[in-house]
Amino acid sequence: MRTRTTTATTGLVTALAALLVLAGCTAPGDSRPAASSSVASVPAQSGGGSGFEGPRPQDQNLLAWTGDPNDAGHVTAQSSAGVGGRVTLVRIVLREQITWSNVWLGLAGIDPNAQLANCYLGVYDAKGTLVATTPDISPQLMTDAIAKPFALGKPFTAAPGTYFIALLLNGTWATNGLTLKSTGAGISVNAGLTPPNLRYSNLLTGQTSLPVTVNLAEQSTSTINTGWASQWYAIS
């Protein structure tokens, strides 16, 4: 009987030890490391994600844009009487610091008989201060109806924040001749926005150069709502 009791006790201890190993534990007094679980741990998910996020400006050697140029299939046309002398503003938000050297514009069509002068592109900051401008771009608006860069007179360091690309046209041209690429958004471009944060707007009349400062609280949609809206721009 003693032999049987000893044998049964030994078997029970052996079974308990096996269960402890399977549970990832060690027997009392055992200094050996516990056996690792047979269930693989699930790796922590990355917060950023690495999936496809759509086209980026850097994909086309640009620094920023108002939108993917592939979506700029619409054409905006406006009479010289409706646009001439007015400052058109397009808001763009930078999320990292860049050196801003050029404003890209999608020139869709030209009028070979246009008489252009005092036409400019420029950049205003969120306070309405002119921080950069091009020389007169009138000659470049007469040739090559493509997306192309217009060099600022002096590149500048643009910190992250809100800026407004300004366009000023002067002269005479055929309404359906001088045209710019844009989205098809029309008057919906400013949905949910009010001055001084309109995405597309116009200011002032009778201007022959870009003012040093503008009052963004006076943003208007008087020409934007007649079809001169959502122009496509990019930065390099």
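Just so you know, these numbers come straight off a predicted model, no measurement behind them.

J.: Explain the layout of surface pockets here, please?
T.: A water-sized probe, rolled over the atoms, reveals where empty space remains. Of the volumes computed, that of the largest pocket is approximately 350 Å³. Surrounding the largest pocket, 16 residues form its lining, Trp-65, Ile-92, Val-93, Leu-94 and Arg-95 being those nearest its centre. Mapped by element, the contributors of at least two residues to the lining of the largest pocket are β1 (64–65) and β3 (87–94). For the lining of the largest pocket, the element with the highest residue contribution is β3, accounting for four residues. Here the lining of the largest pocket is composed, by residue class, of nine nonpolar, three polar and four charged.

J.: In this structure, what is going on with the pairing of strand β12 (residues 200–203)? I would like to understand it.
T.: Neither face of β12 is open: one carries Tyr-200 and Asn-202, the other Ser-201 and Leu-203, and all of them are buried. Pairing between β3 and β12: four bridges, direction antiparallel. Across the sheet, residue Thr-88 finds its bridge partner in β12, namely Asn-202.

J.: Just checking my understanding: could you explain the pairing of strand β6 (residues 120–125) for this structure?
T.: Looking down a regular strand, the side chains alternate between one sheet face and the other. Burial analysis of β6 places six of its six residues in the buried class, the great majority of the element. Side chains Tyr-120, Gly-122 and Tyr-124 project from β6 onto one buried face, and the interleaved Leu-121, Val-123 and Asp-125 project onto a second face that is buried too. As paired elements, β6 and strand β9 (residues 161–168) share six bridges and run antiparallel to each other. Looking across to β9, one finds that Asp-125 is bridged to Tyr-163. Of the strand pairs in this sheet, β6 and strand β7 (residues 130–133) are connected by three bridges, and their pairing is antiparallel. Each residue of the ladder has a partner; that of Tyr-124, found in β7, is Leu-130. The antiparallel pairing of β6 with β7 creates a hairpin that spans four residues between the two strands, and Gly-128 there sits at a positive phi of about 90°.

J.: Would you take a moment to explain unusual backbone geometry for this structure?
T.: Peptide bonds are trans in most cases, and residues, glycine excluded, mostly fall at negative phi. For the bond from Pro-195 to Pro-196, the omega torsion is 10°, close enough to zero to count as cis. Within the fold, Pro-196 resides in the loop between β11 (179–182) and β12. Phi is positive for Asp-144, which is not a glycine, with a value near 55°. Following the sequence through the fold, Asp-144 ends up in the loop between β7 and β8 (147–158).

J.: Can you walk me through the nonpolar core in this structure?
T.: One recurring pattern in soluble globular proteins is that nonpolar side chains are buried together. Of all hydrophobic cores here, the largest spans 36 residues; its most connected members are Trp-100, Leu-121 and Leu-169. When residues of this core are traced back to their parent elements, those giving at least two are β3, β4 (98–109), β6, β8, β9 and β13 (233–235). With five residues, β4 is the single largest residue contributor to this core. The next biggest cluster of nonpolar side chains, apart from the first, holds eleven residues, and it includes Leu-89, Tyr-124, Val-214 and Leu-216.

J.: Mind showing me how you'd approach the sheet that holds β6 here?
T.: By definition, the strands of a sheet pair up through backbone hydrogen bonds, in either a parallel or an antiparallel sense. Read across the open sheet, the five strands follow the order β7-β6-β9-β3-β12; overall the sheet is antiparallel. With partners counted over all chains shown, the strands left at the sheet margins are β7 and β12, one partner each. Neighbour-to-neighbour, the strand axes of the sheet open up by a mean angle of 30°, direction not taken into account. Sheet analysis places β3 next to β9, joined by eight bridges and oriented antiparallel. Each bridged residue has a counterpart across the sheet, and for Leu-94 the counterpart in β9 is Gly-161.

J.: How should I be thinking about the side chain of Thr-179 in this particular structure?
T.: Tracing the backbone shows Thr-179 in strand β11. The exposure class assigned to Thr-179 is buried, which follows from its relative accessible area of 7%. At 3.0 Å, the side chain of Thr-179 and the backbone nitrogen of Gly-109 are in polar contact. If we ignore the near neighbours within four places in the chain, the residues touching Thr-179 are Val-75, Thr-76, Ala-77, Gly-106, Leu-107, Ala-108 and Gly-109.

Definitions and cut-offs
Residues numbered from 1 in each chain as written. Predicted model: local features only at pLDDT ≥ 70, side-chain atom pairs only at ≥ 80, totals over all residues. Heavy atoms only, no water. 1 Å grid on protein atoms, 1.4 Å probe; cavity = no way out; pocket = protein on both sides within 12 Å on 5 of 7 lines; lining within 4 Å. Points joined across faces, edges and corners; volume = space filled by probe spheres on them. Helix = DSSP H or I, 4+ residues; strand = E, 2+ residues; numbered from the N terminus. Nonpolar A, V, L, I, M, F, W, Y, C, P; charged D, E, K, R; others polar. Buried < 20%, exposed > 50% of the residue type's maximum accessible area, 1.4 Å probe, protein only. Pairing = 2+ DSSP bridges. Core = buried A, V, L, I, M, F, W, Y, C linked by side-chain atoms within 4.5 Å. Axes fitted to C-alpha atoms, helices over the stretch in contact; angles between N-to-C directions. Polar contact = N/O pair within 3.5 Å; in protein donor to acceptor, adjacent residues only side chain to side chain. Contact = heavy atoms within 4.5 Å.

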